[in-house]
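Secondary and tertiary structure notes
Now for the letters of each chain:
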Amino acid sequence: MNTEMPFEIIPVWKDVTPELSAELIDLWSLTNAIPDPDKAVVRARQAVCIARNASGAICGVGTALVRVLPRLRQPMYYYRQFFAPEFRGQKQAIPFFNRARQVLQDYNAGLAEPESLGVLLELESKLLATHYTRAYEPAADSTFIGYSPRGLQLRVSYFDDTRLLPPVSPRRRKRIEP
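Residues numbered from 1 in each chain as written. Predicted model: local features only at pLDDT ≥ 70, side-chain atom pairs only at ≥ 80, totals over all residues. Heavy atoms only, no water.

A closer look at the sheet that holds strand S3 (residues 58-68)
What counts, and what does not: Two strands pair under a simple rule: DSSP has to find at least two bridges between them. Helix and strand labels come from DSSP, where a helix needs a run of H or I of at least four residues and a strand needs a run of E of at least two; each type is numbered from the N terminus. We call two residues in contact when some of their heavy atoms are within 4.5 Å. What counts as an axis is a line fitted to C-alpha atoms, over the stretch in contact for a helix, and the angles between N-to-C directions run from 0 to 180 degrees.
As summarised here, the arrangement of the eight strands in space is S1-S2-S3-S4-S5-S8-S7-S6, forming an open sheet in which the pairing is mixed. Either end of the sheet is taken by a strand with one partner, and the two such strands are strand S1 (8-11) and strand S6 (136-137). When S3 meets strand S4 (residues 75-83), the two strands line up antiparallel, connected through nine bridges. By the bridge assignment for S4, Thr63 is matched with Arg80. Contacting strand S2 (47-52), S3 and S4, helix H1 (residues 18-30) runs over the sheet at an angle of about 100° to S3.

What follows is the structure, given as structure tokens:
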């Protein structure tokens, strides 16, 4: 396993400046990851950690927002992660995810009332989904909980010492496809 990081991981949760937002929007636009500038603006505000390469350019980002899965009826950080194509396949997805999860856990632990029990992952990458076939994945401290309406693997990673919150009644909302 490659243990050398090809980039620096920088926590930015709740501290996304207009300059950083512009950099993220550029990354997503150049890679056609989020071509809609309005959606990119919203997603940039959700950045948890960024990755900067040796020249200082952003080459990866993890984003999160609180969501309630109807079946869980508990708030979770719905987490998404993106690397520029040239930084994929270097076995850095889990180390990056683990750092972002720690940032979210530390933030949540500092709140008077927790806003989330942990992190919810929807594995959009077919490669990752074929690689992670165990019900529990210790490297990412994640547990398989089923499939999303899009047919993608869902996994959760609960924060340390998490206690259930009162069940949340899920709201029906119109799904907007990317």
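Let's pick the thread back up.
Points about the pairing of strand S5 (residues 118-123)
Which entries qualify depends on this criterion: The rule is simple: take the accessible area with a 1.4 Å probe, protein chains only, and divide by the maximum for that residue type; under 20% is buried, over 50% is exposed, in between is partly exposed. By definition, the crossover connecting two strands over a helix is right-handed if that path, from the first strand to the second, turns clockwise as seen with the strands pointing away from the viewer.
Counting buried positions over the six residues of S5 gives six, a clear majority of the element. Relative to S5, S4 is paired through three bridges, and the arrangement is parallel. Residue pairing across strands places Tyr77 opposite Val119, the latter belonging to S5. Assessed by its sense of winding, the connection that carries the chain from S4 through helix H3 (residues 93-109) to S5 is right-handed.

Some words on the environment of Tyr132
Summarising the element assignment, Tyr132 is placed in the loop between helix H4 (126-131) and S6. Separated by 12 residues in sequence, Tyr132 and Phe144 place their C-alpha atoms 9.4 Å apart. The contact partners of Tyr132, leaving out residues within four places of it in the chain, are Ile94, Glu137, Gln153 and Arg155.

It is worth stressing that arrangement in space is one thing and function is another; only the former is reported here.
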